[in-house]
Each structure stands twice: as structure tokens, then as C-alpha cells.
Amino acid sequence: MKLDVLSSENDQDPWYRKGLSFSCTQCGNCCTGGPGYVWISTLEIGRLAEFLHLTPAQVIEQYCRKINNRFSLTERINRGNYDCIFLREEPTTRVVEGQTIRTTKRVCSIYPVRPLQCRTWPFWDSTLTSEQSWKQGTQRCPGVNHGKKYTFKQIETIRTATDWPKQSPGSTK
Ligand code: SF4
Ligand code: SF4
């Protein structure tokens, strides 16, 4: 998991004032790659425990590592990459020029209770610092600059979120 959250100040008039586009293609790139951290709060560990029908202590023991008094999800090495412990490969098919091709897709097995860090990607302090950091920090994410348009207000709501919103700021429902 290469993507990490960094803190930084944003300008009074941020470069993304006119909004940005993003639609996840479910490629799974952000859940693997080089070693990194997926931070998870104790509140989120409780939600994950409920989802997995485990106790919070069991979730910590089986799926987390402690780093400087914080918890991060465990990684496992898969073909040279550091996969999030909850990344799964599932068989799927797609049709190309009339031919059905069997392939795999990578999915988050705890999607309904994934941590805030995963929910707020790609609208992080570290990626929004400048246009250059947006380009560099999101180059492995094919969903960036495509699909749904997020307004400045929606981006800021996501960037500054401290817990899951009741409704995603990007939701059209
Ligand atoms: S890298 Fe981007 S497009 Fe791929 S799963 Fe992550 S958020 Fe979605
Ligand atoms: S919790 Fe899910 S979305 Fe977050 S890094 Fe792990 S597999 Fe990816």
C-alpha cells in the first residue's frame, strides 16, 4: 500500500477551486504496491469487529499492527507487492470485441466498513497540496481526472473529514 496521508496547509485559494473529477474503477492499485500504512481508528476497529463477527481484540490480533500508539492494517506480500490484508482477487469476465475473456478483479473484502483513509482517497492533504502533488500522488490511480465531478465544497468536506460521513459528499442520492 503505497499511498500515505500527510498533513499540509492549503492555500487560501486552492488550485482545485473549480473542482476535480474522480470515479473509482476498482483496479485495486491503491490497496497494494510498496509498503505503507492504512490507519484505522479504535472506532473503526469496533465497526470492523462487528462486520466480521469478531471482538475488537481479535481484529487487532488478526488484522492490525501497532505503530507509535496507532493501528494500521496488516499487509501481506503477494508477488512482490504489499497487499492490504483485506484485498481479494475474484474471478470475473469481460467482453472484448464480442469475445468473453476470463480475468480477475481486485476488491476490498470489508468495503462497507473500510477505514476513513480509504474512503477519502484521492482527496487527501498530501495529494491536494499542489497540482504537481495531485499528478504525482495519483499516477497509479486510473480513476483520477475521470468520471464524477466533485465540487470544491465536496472535496473540502472529504479532505477534512474526521469520521465517516452519514452520506458521502459525492453521493447523488
Ligand atoms: S487506485 Fe484508484 S481506481 Fe484503483 S481502486 Fe484505488 S481508488 Fe479505485
Ligand atoms: S481496507 Fe479495503 S479499500 Fe482499504 S486498503 Fe484495504 S482493501 Fe483497500
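Residues numbered from 1 in each chain as written. Chains lettered and ligands numbered in written order. Predicted model: local features only at pLDDT ≥ 70, side-chain atom pairs only at ≥ 80, totals over all residues. Heavy atoms only, no water.

**Considering the overall build of the chain**
When you go through the chain residue by residue, the secondary structure sums to 6 helices and 9 strands. Within the chain, the proportion of its 173 residues that are buried is 38%. Here the analysis covers contacts within the chain between residues at least 6 apart in sequence; of these, 62% occur between residues at least 24 apart. Element-wise, carbon and sulfur atoms account for 49% of the exposed surface of the chain, whose accessible area totals about 10,900 Å². (Helix = DSSP H or I, 4+ residues; strand = E, 2+ residues; numbered from the N terminus. Buried < 20%, exposed > 50% of the residue type's maximum accessible area, 1.4 Å probe, protein only. Contact = heavy atoms within 4.5 Å. Areas by Shrake-Rupley, 256 points an atom, 1.4 Å probe, with all protein chains shown as cover.)

**What about the nonpolar core?**
Soluble globular proteins tend to bury their nonpolar side chains together. Judged by nonpolar contacts, the single largest core of 17 residues is most densely connected at I40, I45, L48, V59, C64, L73 and F86. Of all the secondary-structure elements, those providing two or more residues to this core are α1 (42-52), α2 (56-63) and β4 (70-73). Grouped together as the second largest cluster of nonpolar side chains are 14 residues, W121, W124, F152 and I158 included. (Core = buried A, V, L, I, M, F, W, Y, C linked by side-chain atoms within 4.5 Å.)

**With respect to the site of ligand 1**
Neighbouring residues of ligand 1: 13 residues in total, closest C24, C27, G28, C30 and C141. Per-class residue counts for the shell around ligand 1 are 7 nonpolar, 5 polar and 1 charged. (Near = heavy atom within 4 Å. Nonpolar A, V, L, I, M, F, W, Y, C, P; charged D, E, K, R; others polar.)

**Focus on the site of ligand 2**
Around ligand 2, a shell composed of 11 residues is seen, among which C31, L73, C84, C108 and C118 lie nearest. In terms of residue class, the shell around ligand 2 is made up of 11 nonpolar, no polar and no charged.

**Some remarks on the pairing of strand β8 (residues 99-108)**
Sheet topology note: the strand β7 (residues 87-96)/β8 ladder contains 10 bridges and is antiparallel. In the strand pairing of β8, R94 is matched with I101. Connecting the antiparallel pair β7 and β8 is a turn made up of 2 residues, with E97 showing a positive phi of about 50 degrees. (Pairing = 2+ DSSP bridges.)

**A few points about the packing of aromatic side chains**
How two aromatic rings sit relative to each other is given by the distance of their centres and the angle of their planes. Applying the stated rule across the entire model yields 9 aromatic pairs. Summarising the aromatic geometry, the rings of F123 and W134 are spaced 6.0 Å apart at their centres and angled 5 degrees between planes, so their arrangement reads as stacked. In this pair, F123 sits in the loop between α3 (116-120) and α4 (125-128) while W134 sits in helix α5 (residues 131-137), placing the two residues 11 residues apart along the sequence. The pair F123 / W134 is uniform in exposure class, with both members buried. Aromatic side chains F123 and Y150 sit 5.0 Å apart centroid to centroid with 55 degrees between the ring planes, which places their arrangement in the tilted category. A residue pair is termed long-range when its members are at least 10 positions apart, and F123 in the loop between α3 and α4 and Y150 in strand β9 (residues 144-150) qualify at 27 residues. (Phe/Tyr/Trp six-rings, centres within 6.5 Å; stacked < 30°, edge-to-face > 60°.)

**Thoughts on the packing of α1 against α2**
As a packed pair, α1 and α2 sit with axes 8 Å apart at the nearest point and diverge in direction by 95 degrees. Judged on the interaxial angle alone, α2 and α1 are roughly perpendicular. Contact residues: I45, G46, L48, A49 and L52 in α1; P56, V59, I60 and Y63 in α2. Classifying every residue of the contact of α1 with α2 by side-chain character gives 8 nonpolar, 1 polar and no charged. (Axes fitted to C-alpha atoms, helices over the stretch in contact; angles between N-to-C directions. Parallel < 35°, antiparallel > 145°, perpendicular 65-115°, else oblique.)

**As for the pattern of salt bridges**
In this structure the tally under the stated criterion is 6 salt bridges. The salt bridge partner of R65 is E75, with a shortest N-O separation of 3.7 Å. With a gap of 10 residues between them, R65 in strand β3 (residues 64-67) and E75 in strand β5 (residues 75-78) connect regions that are remote in the sequence. According to the relative accessible area criterion, E75 is buried, its value standing at 18%. Linking D125 and R159 is a salt bridge whose minimum nitrogen-to-oxygen distance equals 2.6 Å. (Salt bridge = Lys/Arg side-chain N within 4 Å of Asp/Glu carboxyl O.)

The values are spatial; any link to function lies outside them.
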